[in-house]
Amino acid sequence: GAVVSQHPSWVICKSGTSVKIECRSLDFQATTMFWYRQFPKQSLMLMATSNEGSKATYEQGVEKDKFLINHASLTLSTLTVTSAHPEDSSFYICSGGLVDTQYFGPGTRLTVL
Amino acid sequence: GNSVTQMEGPVTLSEEAFLTINCTYTATGYPSLFWYVQYPGEGLQLLLKATKADDKGSNKGFEATYRKETTSFHLEKGSVQVSDSAVYFCALVLAGGTSYGKLTFGQGTILTVHP
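Cut-offs applied
Residues numbered from 1 in each chain as written. Chains lettered and ligands numbered in written order. Predicted model: local features only at pLDDT ≥ 70, side-chain atom pairs only at ≥ 80, totals over all residues. Heavy atoms only, no water. Pairing = 2+ DSSP bridges. Helix = DSSP H or I, 4+ residues; strand = E, 2+ residues; numbered from the N terminus. Axes fitted to C-alpha atoms, helices over the stretch in contact; angles between N-to-C directions. Contact = heavy atoms within 4.5 Å. Salt bridge = Lys/Arg side-chain N within 4 Å of Asp/Glu carboxyl O. Polar contact = N/O pair within 3.5 Å; in protein donor to acceptor, adjacent residues only side chain to side chain. Nonpolar A, V, L, I, M, F, W, Y, C, P; charged D, E, K, R; others polar. Buried < 20%, exposed > 50% of the residue type's maximum accessible area, 1.4 Å probe, protein only.

Novice: Looking at this structure, how should I read the sheet that holds strand β7 (residues 67-73) of chain A?
Specialist: By way of backbone hydrogen bonds, the strands of a sheet pair with one another, either parallel or antiparallel. All names here are of chain A. One open sheet accounts for 4 strands, arranged β1-β3-β8-β7; its pairing is antiparallel. Each of the sheet's edge strands pairs with one partner strand only, and the pair in question is β1 (4-7) and β7. Each adjacent strand pair in this sheet contributes to an overall mean axis angle of 20°, direction not counted. Pairing geometry for β7 and strand β8 (residues 76-81), over 5 bridges, is antiparallel. Bridge assignment links Leu 68 to a residue of β8, and that residue is Thr 80.

If you want it as structure tokens, here you go:
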């Protein structure tokens, strides 16, 4: 199957700082990518849809000013957690692919101290 | 709206036991159905999928059949191995409109297989 990479795989930051997470499709072009958040022992919750060349679409309850998404090319989407706080600590996962088959990145573990 | 319900876990089995993880769904259209597997500390991997009623998805000894009449997509494996220990997610996606590519996940079922 297709490959999606994420970088970094884990990050620890201080409260109040911003963190950028990259999601790349390595062997296909993705006009649309998705960002999910997963809490320990829980399911994935869709945060937003990242659209190449246009604004992201956020799910209800997700703060767009806190979770900035940029999809500057057909192979790269970035999620920036701005002014991070401990409650933002989570596992962030991106996906891309076809309408009926999504390929997931390995995830980024964010810990905010 | 759309939703996916999985049997609650955790599920603990001995090696070579038979596995069933139940999954039912509600959807406003005709979804494609998926099983994803997540190994500890990793992202999700597509295990199998089915795109229309009566389709059977299969991979690595796992099988699931798309049952429209019972709105179910139960995961089965005849003989589990220790290496199958992971979290399994049932999911659906609708093909059109604003739901393009958006997966709706079940809550996940933790499977532990003992030697």
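Picking up after the structure, the text goes on.
Novice: Help me understand the interface of chain B and chain A, please; the structure alone is not making it clear to me.
Specialist: A common way to express how large an interface is: the accessible area buried when the components associate. Contacts between the two partners involve 22 residues from chain B, matched on the other side by 20 residues from chain A. Linking chain B with chain A are 1 salt bridge. The residue Glu 59 of chain A makes a salt bridge to Lys 102 of chain B at a minimum N-O spacing of 3.0 Å. Run the count over chain B and chain A and you get 6 residue pairs in polar contact (both at pLDDT 80 or more). Of all the elements in the fold, those that place two or more residues in the side of chain B that touches chain A are β5 (32-38), β6 (44-50) and β10 (86-93) of chain B. Ranked by residue count, the leading element in the side of chain B that touches chain A is β5 of chain B, at 4 residues. Residue composition of the side of chain B that touches chain A, grouped by class: 11 nonpolar, 8 polar and 3 charged.

Novice: Looking at this model, I keep getting lost on the environment of Lys 77 of chain B. Mind explaining?
Specialist: Within the secondary structure, Lys 77 of chain B is located in strand β9 (residues 75-77). At 2.8 Å, the side chain of Lys 77 of chain B forms a polar contact with the side chain of Asp 84 of chain B.

Novice: Looking at this structure, how should I read the environment of Thr 28 of chain B?
Specialist: Residues and elements named next belong to chain B. Considering the arrangement of structural elements, one finds Thr 28 in the loop between β4 (23-26) and β5. Using a relative accessible area of 65% as the deciding quantity, one classes Thr 28 as exposed. Residues Thr 28 and Leu 94, 66 residues apart in the sequence, show an inter-C-alpha distance of 8.5 Å. Residues contacting Thr 28, with those up to four places away along its chain left out, are Gly 1, Asn 2 and Leu 94.

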